[in-house]
Amino acid sequence: MSFWGVVIATWLAATVEWVEAFTIVLAVALSIGWRSALGAAAAALLLLTAMTAVTGGALHAGLELPWLQGVIGVFLLLFGIRWLGKAIARGAGLKALHDEDKAFAKAQTKLAEDSPRGAWLVAFKAVLLEGLEVWLIVVALGAPTHRTLLAAAAAVVALLGVALLGLFIHRPLRRVPENTMKFVVGGMITAFGSFWTLESLGYAWPLGDASLLLLVAFYLGGGWLLTRLLRRDPTAVGGAA
């Protein structure tokens, strides 16, 4: 589970983030040209690569400390719950789905007033900010399992997939099932966070790593039931509407 869990969770999460980054890069490319837009994206990716190498190595060296594993576990728990909660709210119709076409149109409107240097910075910041979440997931999932390179490779595969598809169709990737992917990633990351947080406190999971499968099933099953409940009655959970 650890091997495939790290690969699948990282790939799905990275795909979602890269799709959002591509929307902005595309808008910038149509404003100042592909060469400048891709240059900005490449600069941000180089910075993220350096950050991954430095932080991944540092965490590997200190993972014998239970408190560090606990910090990573709590981070993943909070991060996963945030994604899972948003996906449930969107799936239940309590929150609007993310619309890449609207994001693209908004970016184009803003870029019309920017200079070429300002547009370059927009592309750089878009890739950097979305990439920071990918970086956090790569390090947080990869370090405790000693699979940082594997997690990074999954993120790179996601990047190449989004880039190739985006460059081929030359329009926002609106058909990517972003909310479904966020729902699955949220459940998986919350499961990893729960597992490592309790393990850092001395709890021995009865089934070892196999307990992760049960945790993933628990969070995804619970999220699915909650989504259906909220669809029928938006006030069922604390007046959520």
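Residues numbered from 1 in each chain as written. Predicted model: local features only at pLDDT ≥ 70, side-chain atom pairs only at ≥ 80, totals over all residues. Heavy atoms only, no water.

Undergrad: For this particular structure, what's the right way to read the nonpolar core?
TA: Side chains of a nonpolar character, in soluble globular proteins, are inclined to be buried together. Grouped together as the largest cluster of nonpolar side chains are 66 residues, with contacts concentrated most on Trp-18, Val-28, Leu-76, Val-127, Leu-141 and Phe-192. Looking at this core, the element that brings in the most residues is helix H1 (residues 2-32), giving 16 residues. Not counting residues within four places of it along the chain, the set of residues in contact with Val-127 comprises Trp-18, Ala-21, Val-25, Ala-41, Ala-44, Leu-45 and Leu-48. (Core = buried A, V, L, I, M, F, W, Y, C linked by side-chain atoms within 4.5 Å. Buried < 20%, exposed > 50% of the residue type's maximum accessible area, 1.4 Å probe, protein only. Helix = DSSP H or I, 4+ residues; strand = E, 2+ residues; numbered from the N terminus. Contact = heavy atoms within 4.5 Å.)

Undergrad: Where do I start with the UniProt feature "transmembrane region" (unreviewed entry) in the chain in this structure?
TA: Per the UniProt record, "transmembrane region" (unreviewed entry) is found at residues 6-30, 37-61, 67-85, 119-143, 149-169, 181-198 and 204-226. Along residues 6-30, the helical share is 100% and the strand share 0%, with 35 Å between the first and last C-alpha atoms. (UniProt positions renumbered as here; feature names shortened; annotations may be inferred.)

Undergrad: In this structure, what is going on with the packing of aromatic side chains? I would like to understand it.
TA: Centre distance and the angle of the planes are the two values used to describe a pair of aromatic rings. Counted according to the given criterion, the structure contains seven aromatic pairs. A ring pair is formed by Phe-75 and Phe-79, whose centres lie 5.6 Å apart and whose planes are at 40°; its orientation type is tilted. Placement of both Phe-75 and Phe-79 in helix H3 (residues 66-91) is noted, with a separation of four residues, approximately one turn of the helix. Judged by its relative accessible area of 7%, Phe-79 is buried. Ring geometry for Tyr-203 against Trp-205: centres 5.0 Å apart, planes inclined by 90°, an arrangement best described as edge-to-face. (Phe/Tyr/Trp six-rings, centres within 6.5 Å; stacked < 30°, edge-to-face > 60°.)

Undergrad: What is the right way to read a nonpolar patch on the surface from this model?
TA: A cluster of nonpolar side chains, namely Phe-3, Trp-4 and Ile-8, defines an oily patch on the protein surface of about 310 Å² accessible area. Structurally, Ile-8 can be placed in helix H1. A relative accessible area of 36% means that Ile-8 is categorised as partly exposed. (Patch = residues over 30% accessible without salt bridge, like charges linked within 9 Å, V, L, I, M, F, W, Y side chains within 5 Å. Areas by Shrake-Rupley, 256 points an atom, 1.4 Å probe, with all protein chains shown as cover. Salt bridge = Lys/Arg side-chain N within 4 Å of Asp/Glu carboxyl O.)

Undergrad: Looking at this structure, I do not really get the packing of H1 against helix H5 (residues 116-142). What am I missing?
TA: Two measures define how a pair of helices packs: the angle their axes make with one another and the distance between the axes. With their axes 9 Å apart at the nearest point, H1 and H5 run at an angle of 180° to one another. Classed by the angle they form, the pair H1 and H5 counts as roughly antiparallel. Taken together, the residues of the contact of H1 with H5 break down into 21 nonpolar, two polar and four charged. (Axes fitted to C-alpha atoms, helices over the stretch in contact; angles between N-to-C directions. Parallel < 35°, antiparallel > 145°, perpendicular 65-115°, else oblique. Nonpolar A, V, L, I, M, F, W, Y, C, P; charged D, E, K, R; others polar.)

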